[in-house]
Amino acid sequence: MNINVLLFGIATDLAGSSSVKIELPVNSTITSFKEIISRHPQLKQMSTYAVAINESYATDETIIKENDVIAIIPPVSGG
């Protein structure tokens, strides 16, 4: 299934875009999503980030469904 992944912060800078499309097997979990996204050439440099599905934070066991919108949210720092 094709999934639209929204990128924020440093992820946007690394990918050069605010979103990417990736292909996932049906019934993928967030754990398998992280495995696949870590192979993406521009995003493999990110080691720490949160994942949200349809605007809610997801756990590693959450199942991704067709038409879900996934967001990669890197840690934020500043003052």
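Residues numbered from 1 in each chain as written. Predicted model: local features only at pLDDT ≥ 70, side-chain atom pairs only at ≥ 80, totals over all residues. Heavy atoms only, no water.

S.K.: Explain the environment of Ile 63 here, please?
M.R.: Relative to the helices and strands, Ile 63 resides in the loop between strand 4 (56-57) and strand 5 (69-73). In this structure Ile 63 comes out as partly exposed when scored by relative accessible area, which is 35%. Ile 63 sits 32 residues away from Thr 31 along the chain, and the two C-alpha atoms are 9.3 Å apart. (Helix = DSSP H or I, 4+ residues; strand = E, 2+ residues; numbered from the N terminus. Buried < 20%, exposed > 50% of the residue type's maximum accessible area, 1.4 Å probe, protein only.)

S.K.: Can you walk me through the nonpolar core in this structure?
M.R.: What tends to happen in soluble globular proteins is that the nonpolar side chains get buried as a cluster. Core analysis: the largest hydrophobic core is formed by 21 residues, its most contacted members being Val 5, Phe 33, Ile 64 and Ile 72. The residues contacting Ile 72, other than those within four sequence positions of it, are Val 5, Leu 6, Leu 7, Phe 8, Ala 11, Phe 33, Ile 37, Leu 43, Met 46, Tyr 49 and Ala 50. (Core = buried A, V, L, I, M, F, W, Y, C linked by side-chain atoms within 4.5 Å. Contact = heavy atoms within 4.5 Å.)

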